[in-house]
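Summary of structural features
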Amino acid sequence: MSAQIERIKTLIIGSGPAGYTAAIYAARADLKPVVYTGMEPGGQLTTTTEVDNFPGYPEGIDGPSMMVQLQQQAERFGTEVRIGMITAITLSDEVGGIHVATVDNDKTIEAETVIISTGASARYLNIPSEQRLRGGGVSACAVCDGFFYKGQDVAIVGGGDTAAEEASYLANICNKVTMLVRKDHMRASKAMQHRVTSLPNVDLRYNTEVDEVLGDQVVEGLRMVNNQTGEKEDIAITGLFIAIGHTPNTDIFKGQLDMDDTGYLITKGKSTKTNRPGVFACGDSQDKEYRQAITAAGTGCMAALDAERYLATIETPEEVA
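Here goes a summary of the coordinates provided. Each chain has its residues counted from 1, running along the sequence as written. Local features in this predicted model are restricted to residues whose pLDDT is 70 or higher, and side-chain atom pairs enter the listing and the counts only when it is 80 or higher, whereas totals over whole chains, interfaces and linings include all residues. By convention in this description, side-chain values take in all heavy atoms of the structure and omit both hydrogens and water.

Throughout, a disulfide means two cysteine sulfur atoms within 2.5 Å of one another. Inspection of every chain in the model, using the stated rule, returns one disulfide. The disulfide partner of cysteine 141 is cysteine 144, and the gap between their sulfur atoms is 2.2 Å. Measuring handedness by torsion sign, the sulfur bridge of cysteine 141 and cysteine 144 sits at about 70° and is right-handed. Only protein chains enter the area calculation, which uses a 1.4 Å probe; residues under 20% of their type maximum are buried, those over 50% are exposed, and those in between are partly exposed. Here cysteine 141 falls in the buried class, since its relative accessible area comes to 14%. Just so you know, cysteine 282 is unpaired, no disulfide at all, and the nearest cysteine sulfur is the one on cysteine 301, 10 Å from it. For cysteine 282, a relative accessible area of 0% corresponds to the buried category.

To continue, consider the pattern of salt bridges. Salt bridge, as applied in this entry: a Lys or Arg side-chain nitrogen positioned within 4 Å of an Asp or Glu carboxyl oxygen. By the definition in use, this model includes 13 salt bridges. Linking aspartate 203 and lysine 176 is a salt bridge whose minimum nitrogen-to-oxygen distance equals 4.0 Å. Of this pair, aspartate 203 sits in strand 11 (residues 202-205) while lysine 176 sits in strand 10 (residues 176-180); the two residues are 27 residues apart in sequence, bridging distant segments of the chain. With relative accessibility at 36%, the residue lysine 176 sits in the partly exposed group. The shortest N-O distance in the salt bridge between arginine 223 and glutamate 212 comes to 3.2 Å. Taken together, the residues arginine 223 in strand 13 (residues 221-226) and glutamate 212 in strand 12 (residues 208-214) connect sequence positions 11 residues apart. The exposure class assigned to glutamate 212 is partly exposed, which follows from its relative accessible area of 31%. Each of the salt bridges in this network shares a partner with another, and the network as a whole consists of Glu6, Glu80, Arg82 and Lys107. Put simply, DSSP marks the helices as runs of H or I at least four residues long and the strands as runs of E at least two long, and each gets a number from the N terminus on.

Printed below as a string of structure tokens:
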């Protein structure tokens, strides 16, 4: 490891709506934040073509442009945005303690506060046709993108509560929803199952998986396969929604921060405080319920305010002098 060591006041890990909003508030509070973008600068929104539900954009905006604007706003107030990955971190368990992070297995950062906004990654089927058409009709968020398929025929993959909830949402706005469940039963709660089965425009297919997503530039259809009989069937759709779960990007915090059994960070009460003083979590790294850009931004604001209040209670020798 290199001998480079840098001391900063606020380290923000991640650069989605939560991270950049935290940076805006932290910079305005003179916390001199440094943002490390991670492997996906801008977060999941950079893979979204149109964002129509973020306040302040009456005509909508494409995801990458929105993230560029958020970055520019953060930089306007003095945030330093760096391309890089936090590859290891040691979090202090003492009030006023210093947290030590490693950047790209090389540089060492010492931070008085840490704001975690590493987000979560949607799970995909990882078949070539699906990956090729991501952003062209393949989506992992029905609430985000379902509006664009109003009155059309779509399909959704998954059998849990999230899939059932998103299928119900799509059924309200789409002409027909074909729901593919890999097993011979749904994992969703009985209440959610009843909601889905009671919807007349939901075609529920058990023991069914995606064989191929059809279309050149955009989704035009779906080839399904029955995993018991091997029988294949093509249907015409314009949108395919993958609802098989998310994986929070929190591995480097395991053993140090409290998290649930799926890896989402646990924060205290209505705050963004973790179990380590001076360490705050926001966005999809701690939110498995809503997972929206606007809710992530809101918790980013909260994290910066929590960090500012924490630092106000800590008197360093330099500040006393």
